[in-house]
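Residue strings, one per chain:
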Amino acid sequence: NVMLPLIRIKVDYTGFSTINAQRFGQKFVGKVANPHDMLTWSKAPQRREKVERGEEITPDLLRPEAMDQARIEDLIAENLHDNLKFLKEEELANALHKFVDKDEKHALAECVTQELSERLQASMARRVFEQTQANDEDLRSQLASVVKEERERKG
């Protein structure tokens, strides 16, 4: 029974974006005792700026801990709600969840491919339906003209 080392890495991310700590830790499963909580994030203390009126302000920055807990669906709804014209919000959220949390590299591509396939099938079905309706209209007009000619011939 081999004892694995317990590793803690404190990262100062001031001025930089963070990565998903759990995804990073997946690379060390079986090599360290705590692969999912190896990284801890810290930030240099914020300097408070004084406004002309003497009030103090602090820049509102997101903490990585808060970002880890934010749901993907909420972020999509908040940032992309009006811009999602091709993909459904829920499908995109599921694909992002698979990509980020389950490390499925092709999740986004599969999501887009599936949506394209469904739209293509729906478009083809609509075209067939429209052609069938057009053919029905042609048959009706031809039948009406034949009936009219037959009445005129008899009449």
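This report concerns the structure included in the present document.

Bringing the overall build of the chain into the picture now. The helix and strand inventory of the chain stands at 5 helices and 4 strands. Walking the chain from its N terminus toward its C terminus, one meets helices and strands in the order β-α-β-β-β-α-α-α-α. By the burial criterion, 13% of the 155 residues in the chain qualify as buried. By sequence separation, contacts in the chain at least 24 residues apart represent 52% of the contacts at least 6 residues apart.

So, on to the side chain of Ser42. When you line up the elements, Ser42 lands in strand E2 (residues 39-42). Ser42 has contacts with Lys10, Val11, Asp12, Tyr13 and Thr14, leaving out every residue within four places of it along the chain.

So, about helix H4 (residues 89-101). Here H4 is 13 residues long and its end C-alpha atoms lie 18 Å apart, about the 18 Å a rise of 1.5 Å per residue gives. Taken together, the buried positions of H4 are Leu92, Ala93 and Ala95. Buried residues of H4, seen end-on, are gathered within an arc of 165 degrees and therefore sit on one face of the element. Two residues or fewer after H4 comes Asp103, characterised by a positive phi angle close to 60 degrees.

Parameters at a glance
Residues numbered from 1 in each chain as written. Predicted model: local features only at pLDDT ≥ 70, side-chain atom pairs only at ≥ 80, totals over all residues. Heavy atoms only, no water. Helix = DSSP H or I, 4+ residues; strand = E, 2+ residues; numbered from the N terminus. Buried < 20%, exposed > 50% of the residue type's maximum accessible area, 1.4 Å probe, protein only. Contact = heavy atoms within 4.5 Å. Expected span 1.5 Å × (residues − 1). Arc of directions from axis to C-beta.

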